[in-house]
Amino acid sequence: MPQIKNILFVMYDQLRHDYMSCAGHPTMKTPNFDRLAARGVRFSRAYVQSPICGASRMCFYTGRYVHSHGAAWNNFPLKVGEMTLGDHLRQLGVESWLIGKTHMRADAEGMARLGLAPDSVIGARVADCGFDVHVRDDGLNAEGPEGFYDEKRSPYNEWLKTQGYPGHNPWHAHANSGIDAKGDIASGWLLQNAVEPANIAEQDSETPWLTREAMGFIAQPHAAPWLCHLSYIKPHWPYIVPAPWHNLYGPADVAPATRHLRERDDPHPVFKAFMSNQPGQAFSRDEVREAVIPAYMGLVAQCDAEFGKLLDFLESSGRMADTMIVVTSDHGDYLGDHWMGEKDLFHDPSVRIPLIIYDPRNQANATRGTICESLVESIDLAPTFVEAMGGTPADHILEGRALTPWLHGQTPDWRGAVFSEYDYSAMALAGPGYLDVSPEDARLFMVFDGRWKLIHAEGGFRPMLFDVATDPDEFDDLGANPASGPEIARLMGLLNDWARRPAQRTTISKAEITGMRGKSRRYGIIIGAVTPDELAPDLRAKITGKPAKDYR
């Protein structure tokens, strides 16, 4: 199989699985995402391993579940020693580059303990999720009374200053704010301002800036094959977009909210807490959805247009012939569905993601333009990339499964369920006056087998259960119904089996372990033998015979 030369791994932040026209959105038009889907495979049932930026991305970058890598929420450091995409690919002679966002926080204490200098090559890679950095900007340049959310210097902010945008934080004042009727800053943090155009020239906004950075990177000479992780910041909030995208869509284009009053009738306590938080209360209001969702759609449309420029660039330069292209997202966005805002829980608008893969090899010709409905996890991309570059995935480390068979028209023996986790221990709603649970108990787990979705909540809460065959919108929580007992027990069995996997046995492969069986005798460790006749001749030869001298 000819090796792919390069991989363009494109991730959008908070892009819902169903906000593409190829995925069936009734009004959203995404001709360029559709264009890639027509040349590749769209995986319609792909799920992240945690519906929150940081934890989800660490799963993509390590190929491992949250339970394995431990970086369970935003700004939980990824511990030193975790193998990443860059580590796996560099063993194959492939460079791994970052353009944009990772939302990764370095394990500074671990690096100091091991003497890894942040400005060394190895230290820099450890601090940036295993990537070499072309440009990193996490796009969260918010500033509050205690300072900036992101302590690192923002290259995008600095670039805006060179373009003449004034102030110390033009990311907020211009790229993510408009101007109100009084001439004041209409901050994108306030949802009422989503209808305003951002106070920035369209070509200077975040998405075009990152597209230009990507094209500049691809155009430069490279001494080795590469994976380029182009990680866009949008359509993640703040929900504000420059003209002409700000009014491309209007309230008439907003799909009805997927929600039902019976969801509020004695809900699960954790679900109730998330519905009751500020984003949930805001997005439960129709006027908020009618203001915000057109802006969100405009952000998606701008992302699609910029992706079209990338495709044109790759085609004109001949790179489509040897470049694998992947389009995905780190999680979705409730946008008022299920009376929720943000992400965080395990309804499909949050935990299900878009995933399109274009494989340029001839072996993929038969699957171009097709849809794969098998259950896929975000951690499947890491072993897929290793295989694409001619390697064999280290299955004692990488917990996903390569998607190559699906891309090449094969029907492999596949998984029967997908898993996701959410650690909400750092959120206020876990504390006193709300759910009041310990950090150990503020955790949720999802197992979904394609029909039944079970959500297990630590802390003594009952489970949640949805039958998507009879309830595709996930309105009816059957977790409290005694008749659901057998189904809950079956799914808990899947979850328990998953939790017992040898996830931390990463320093030795299965083949090495198998090869060790019985080998200790070959090195003279004889346990349990009574007489020499019980041993093979070559084994007993090393422990029998006459001593050189009797010292008794």
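Residues numbered from 1 in each chain as written. Predicted model: local features only at pLDDT ≥ 70, side-chain atom pairs only at ≥ 80, totals over all residues. Heavy atoms only, no water.

1. A closer look at the overall build of the chain
Of the regular secondary structure elements, the chain holds 18 helices and 19 strands. Relative to its 552 residues, the chain shows a buried fraction of 55%. The contacts in the chain between residues at least 6 apart in sequence include a share of 71% that link residues at least 24 apart. Separation between the mean location of the 54 positive side-chain charges and that of the 71 negative ones in the chain comes to 8 Å. (Helix = DSSP H or I, 4+ residues; strand = E, 2+ residues; numbered from the N terminus. Buried < 20%, exposed > 50% of the residue type's maximum accessible area, 1.4 Å probe, protein only. Contact = heavy atoms within 4.5 Å. Lys, Arg positive; Asp, Glu negative; His and termini not counted. Charge placed at Lys NZ, Arg CZ, Asp CG, Glu CD.)

2. Regarding helix α10 (residues 269-276)
Because each turn of an α-helix spans 3.6 residues, side chains separated by three or four positions in sequence point in the same direction. Taken together, the buried positions of α10 are occupied by Val-270, Phe-271, Ala-273, Phe-274 and Met-275. Buried residues in α10 make contact with α11 (278-283), β16 (418-423), β17 (443-448), β18 (452-457) and β19 (464-467).

3. What about the environment of Phe-313?
Mapping Phe-313 onto the fold places it in helix α12 (residues 286-316). Using a relative accessible area of 19% as the deciding quantity, one classes Phe-313 as buried. Along the chain, Phe-313 and Pro-170 lie 143 residues apart, while their C-alpha atoms are 29 Å from each other. Apart from the residues within four sequence positions on either side, Phe-313 is in contact with Met-215, Ile-218, Ala-219 and Arg-319.

4. A look at helix α7 (residues 155-162)
Residues of α7 that are buried: Pro-155, Tyr-156, Asn-157 and Leu-160. Lining the buried residues of α7 we find β5 (132-136), α8 (170-175) and α9 (206-219). Gly-164 sits one or two positions beyond α7 and adopts a positive phi of about 100°.

5. Remarks on the nonpolar core
Counting 89 residues, the largest nonpolar core has Phe-9, Phe-43 and Tyr-424 as the members making the most contacts within it. In this structure, Met-28, Leu-230, Ala-295 and Leu-335 belong to the second largest nonpolar core, which totals 58 residues. (Core = buried A, V, L, I, M, F, W, Y, C linked by side-chain atoms within 4.5 Å.)

6. Considerations on the side chain of Lys-453
For Lys-453, the location among the structural elements is in strand β18. Here Phe-346 takes part through its backbone oxygen, which lies 2.7 Å from a polar atom of the side chain of Lys-453. Only 2.9 Å separates the side chain of Lys-453 from the side chain of Asp-348, close enough to count as a polar contact. Among residues more than four places away in sequence, those in contact with Lys-453 are Phe-346, His-347, Asp-348, Val-351, Met-446, Val-447, Phe-448, Met-464, Leu-465, Phe-466 and Glu-474. (Polar contact = N/O pair within 3.5 Å; in protein donor to acceptor, adjacent residues only side chain to side chain.)

7. Quick look at the sheet that holds β17
If you walk across this open sheet you meet the four strands as β16-β17-β18-β19, and the pairing is antiparallel. The open sheet has two edge strands, β16 and β19, and neither has a second partner. Taken pair by pair, the neighbouring strands of this sheet meet at an average axis angle of 10°, ignoring direction. (Pairing = 2+ DSSP bridges. Axes fitted to C-alpha atoms, helices over the stretch in contact; angles between N-to-C directions.)

8. Section: the packing of α9 against α12
At their nearest, the axes of α9 and α12 sit 10 Å apart, and the two run at 15° to each other. Our classification of the angle between α9 and α12 gives roughly parallel. As for how α9 packs across α12, the hand of that crossing is right-handed. Each of Thr-207, Pro-208, Thr-211, Ala-214, Met-215, Ile-218 and Ala-219 in α9 lies in contact with α12, whose residues at this interface are Gln-302, Cys-303, Glu-306, Lys-309, Leu-310, Phe-313 and Leu-314. In terms of residue class, the contact of α9 with α12 is made up of nine nonpolar, three polar and two charged. (Parallel < 35°, antiparallel > 145°, perpendicular 65-115°, else oblique. Left-handed = near helix turned anticlockwise from the far one by under 90°. Nonpolar A, V, L, I, M, F, W, Y, C, P; charged D, E, K, R; others polar.)

9. Description of the packing of aromatic side chains
What the rule picks out here adds up to 23 aromatic pairs. With 5.8 Å between their ring centres and 50° between their planes, Trp-97 and Phe-217 make a pair best called tilted. Residue Trp-97 is located in strand β4 (residues 95-100), and its partner Phe-217 is located in helix α9; the two are separated by 120 residues in the primary sequence. A relative accessible area of 0% places Phe-217 in the buried class. Taking the ring centre of Phe-448 as reference, the NZ or CZ of Lys-453 above it sits at 5.5 Å. It is Arg-501 that lies over the ring of Trp-498; its NZ or CZ is 4.4 Å from the centre. (Phe/Tyr/Trp six-rings, centres within 6.5 Å; stacked < 30°, edge-to-face > 60°. Lys NZ or Arg CZ within 6 Å of the ring centre and 35° of its normal.)

10. Some details on the pairing of strand β10 (residues 226-231)
Of all six residues in β10, six are buried, a share of seventy percent or more. Burial of the side chains of β10 extends over both faces: Trp-226, Cys-228 and Leu-230 are buried on one face and Leu-227, His-229 and Ser-231 on the other. Sheet topology places strand β1 (residues 6-12) next to β10; six bridges connect them, and they run parallel. Among the inter-strand pairings, Val-10 is bridged to a residue of β10, identified as Leu-230. Relative to β10, β4 runs parallel, the two being bridged by six bridges. In the sheet register, Glu-95 faces β10, and the bridge partner there is Trp-226.

11. Observations concerning the sheet that holds β1
Spatial strand order, β5-β4-β10-β1-β11-β13-β2-β14: eight strands in an open sheet with mixed pairing. For this open sheet the edge positions go to β5 and β14 (370-372), each flanked by a neighbour on one side alone. Taking each pair of neighbouring strands and ignoring which way they run, the sheet shows an average axis angle of 15°. Along the sheet, helix α1 (residues 31-39) makes contact with β1, β11 (323-329) and β13 (355-358), crossing β13 at roughly 55°. On the sheet, helix α2 (residues 53-62) packs against β1, β10 and β11 and is oriented at approximately 170° with respect to β1.

12. A look at unusual backbone geometry
Cis geometry marks the peptide bond from Lys-234 to Pro-235, where omega comes out at 10°. Structurally, Pro-235 can be placed in the loop between β10 and α10. Between Ala-243 and Pro-244 the backbone carries a cis peptide bond, its omega angle lying at 5°. Relative to the helices and strands, Pro-244 is located in the loop between β10 and α10. If you check the backbone angles, Cys-129 has positive phi at about 65° while not being a glycine. Of note, the phi angle at Leu-335 is positive, near 55°, even though the residue is not glycine. Mapped onto the elements of the fold, Leu-335 is located in the loop between β11 and α13 (348-351).

13. A few points about the environment of Pro-238
Position of Pro-238 relative to the elements: it lies in the loop between β10 and α10. In the structure, Pro-238 is positioned 168 residues away from Gly-70 in sequence and 28 Å away in space, judged by C-alpha atoms. Leaving out residues up to four positions away in the same chain, Pro-238 has contacts with Trp-171, Asn-176, Gly-188, Trp-189 and Leu-299.

14. Quick notes on the side chain of Lys-234
Assignment of secondary structure puts Lys-234 in the loop between β10 and α10. Within the local environment of Lys-234, its side chain forms a polar contact with the backbone oxygen of His-236, the two atoms lying 3.4 Å apart. Not counting residues up to four positions away in its chain, the partners in contact with Lys-234 are Tyr-12, Asp-13, Asn-176, Glu-206, Thr-207, Leu-299 and Cys-303.

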